[in-house]
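Structure assessment
So the chains spell out like this:
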Amino acid sequence: MSSRETRTLRHPVSDGVVNVLLCLVAAVWLLPYLWMLSTSFKTLPEIVRAPTAPLPSGLELGAYRAVLESMPLARYFWNTTVMALGIALLQIAVALPAGYALSKLKFAGRGAAFALVVATLLIPAQVRFVPVFALLAEVGWVNTMTALILPFGVSAFGTFLIRQALMSVPDSLIEAARMDGASELRIIYGLLGPMLKPTLVSFFLFSFVYHWNDYFWPLVMTTDDAVRTLPLGIALLREQGTGVRWHIVMAGNVLLSAPALAVFAVAQKHLLRAVANKA
Amino acid sequence: MRPSRRLDPLWMLGPTLVLLVVFFFVPLLQAAKSSLYEWDLLTEPRYVGLDNYRALIDSGELGHALSTTLIMSAVVVVGSMTLGLALALALNRPTRFAAFVRSAIFSAYVVSWVSVALLWLWVLDADAGAFTALCRALHIPTTNWLGNPKSALYALSGVTIWKIAGYSMVLFLAGLQDIPRSLYEAASLDGAGAWQRFVNVTWPLLRPTAAFVGTTSLIISFQVFDVVRVMTQGGPVRSTSVFVYAIYEQVFLNLRVGRASALVVVFFVLLLGLTALQLWAWRKKGAA
């Protein structure tokens, strides 16, 4: 096949046209972020006078200061991180032994146990939050970190992923460890855990970002500033009747989206893998 | 392998099973039970039989939640799949620029719904929003997109499409990369043009991926809540009161737990139906 033919095969439309279209596409996704950043550096008079001016007159940090003054930002940040970290680590800690039993051990009821795990995919947070709220209220756990972490302690997706990964680990390896006198606990966390590192890293990042971003559960489970998370706090900026104070809302939004974008920039490959894995 | 001690599986699965029962299965049954009671979270629940369901139907609330959710889901699923596929086809090339554009699009899937909602709340602002200004500059008739009951639901759908198009793009790209090049070469040798290659080679081989993307985006759009809560609070005139928002409103604004639970039960049954659809699509994927 001649090289010309190969090229027409790869690119049915000419490169120039495609590149122009792609620039437009990139603009649709990137301009809103740049617009957010630009607005966050403006002052109130600027927004009132020329709301759609593409650039701020200077790098004014007043909006960021206003965000810091209106909420305990550090505490929200800390709460969100502790919650997301707690959930992701708990999910892995719980799913490792479960995945091990479900993939490596033969026992009565294994199929049923696995079916139960998978069935939870049918019960999203929106279906269970009312009774869980009532339950947690009864034991006095509403407005605690426990209410934010424990209900997500088991992840069907994570258990499934770890079970799949363990299936490709040869039995002989585990048998050898048993012969050496290693306990099951040691085999699970000390031997298999490190072996599954790529899978666990992908899942950890996926779960961490998902819960860091979560709005629904913290919204329904907390009323107290002490346990409020960042997405809630930033969304409140808007609710407090900000009127035209968009520079403050956008400054808050920069603070909310920057960590997620940073994680994405660093760990794009892992996140993409987790999404493709889900399929 | 045999467990080294007979009861080992019990402690290994114990934490998982306890959490499943306490936080998934008991709440589901509890919701079904609460749907038969009138309860405001404060006083004793009172048994009312199927009254909650009847009230939801008679007041039109159930029908309204269903129709807003279905319209939004239809727009979102069709929009994000079409866009995701078009983007995957355009970006399935090994250049750096294409990789950059792919990342830009997928980043919207990674940032939070709250971020996206606030961002577009400002862009779509009726007085000073950039989108409104753009429309005026191009002489396109514009409106208060989020404040007009006729357009609000579609505006939210558009924002949702912007957020999740990257997800379907990534899955379609994975599907495209699984198609052997030799098939395209063979089609080319037979004289097939670009369009014919798409219809005869690409699309038939992507159909299983499309089924998966379609059903998962359907489930995502059924569960939409954050954009509604942040951008419109179900308004104007309840035009964006989708299912999950209606549930939330019944519990936290009206303190009607029974009514909310009845909505939860209907919602769960709908999700079951959608999942059955997904399994069916998957089976076809296995057969393909």
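It is worth spelling out the overall build of chain B at this point. The helix and strand inventory of chain B stands at 12 helices and 2 strands. For chain B, the C-alpha atoms occupy an extent of roughly 75 × 70 × 30 Å along the three principal directions. Taken across its 288 residues, chain B has 42% of its residues classed as buried. A fraction of 70% describes how many contacts in chain B between residues 6 or more apart in sequence connect residues 24 or more apart.

This part takes up the nonpolar core. Within the largest apolar cluster, 150 residues are counted, with the highest numbers of intra-cluster contacts made by Ala117, Ile247 and Leu263 of chain B. Considering each element in turn, this core owes the most residues, 15 residues, to helix H7 (residues 152-177) of chain B. Per-domain counts for this core show at least three residues from each of domain 1 (3-65) and domain 2 (72-240) of chain A. Excluding residues within four positions of it along the chain, isoleucine 247 of chain B makes contact with Gln126 of chain A together with Ala260, Leu263, Val264 and Phe267 of chain B.

Okay, the interface of chain A and chain B next. Across the contact, 69 residues belong to chain A and 69 residues belong to chain B. For the side of chain A that touches chain B, the secondary structure elements donating two or more residues are helix H2 (15-40), helix H5 (73-104), helix H6 (110-119), helix H7 (125-138), helix H10 (171-179), helix H12 (197-213), helix H14 (230-239) and helix H15 (246-278) of chain A. The dominant element in the side of chain A that touches chain B, judged by the number of residues it contributes, is H15 of chain A, at 14 residues. Here the residues of the side of chain A that touches chain B sort into 51 nonpolar, 11 polar and 7 charged.

Caution applies to low-pLDDT regions: their predicted coordinates should not be interpreted in detail. Residues and elements named next belong to chain A. Looking at chain A, the pLDDT average stands at 88 and 92% of residues meet or exceed 70. Taken element by element, the predicted model of chain A shows its lowest mean pLDDT in helix H1 (residues 3-10) (44) and its highest in H5 (96). In this model, residues 1-9 is a region of pLDDT below 50 whose contacts with residues beyond four sequence positions or in other chains number 4 contacts.

Here we come to the domain arrangement of chain A. Segmenting chain A into domains produces domain 1 (3-65) and domain 2 (72-240). Here the C-alpha centre of domain 2 of chain A lies 37 Å away from the C-alpha centre of domain 1 of chain A.

Conventions and cut-offs
Every chain is numbered independently, its residues counted from 1 as its sequence is written. The naming scheme follows written order: chains are lettered A onward, ligands numbered 1 onward. Where local features are concerned, this predicted model is filtered to residues with pLDDT of at least 70; where side-chain atom pairs are given and counted, the filter is 80 or more; whole-chain, interface and lining totals use all residues. Secondary structure elements follow DSSP: runs of H or I no shorter than four residues count as helices, runs of E no shorter than two count as strands, and numbering proceeds from the N terminus. Neighbour counting defines burial: a residue surrounded by 20 or more other C-beta atoms within 10 Å of its own C-beta is buried, one with 12 or fewer is exposed, and intermediate counts give partly exposed, using backbone-placed C-beta atoms. Once C-beta atoms have been placed from the backbone, residue pairs whose C-beta atoms lie within 7 Å are recorded as contacts. By definition, a nonpolar core groups buried Ala, Val, Leu, Ile, Met, Phe, Trp, Tyr and Cys residues that are joined through C-beta atoms within 7 Å. Each domain span listed reflects an automatic or database assignment of domains. Polar here means any residue outside two lists: the nonpolar Ala, Val, Leu, Ile, Met, Phe, Trp, Tyr, Cys and Pro, and the charged Asp, Glu, Lys and Arg; Gly therefore counts as polar. Along the chain, pLDDT gives the predictor's confidence residue by residue, from 0 to 100.

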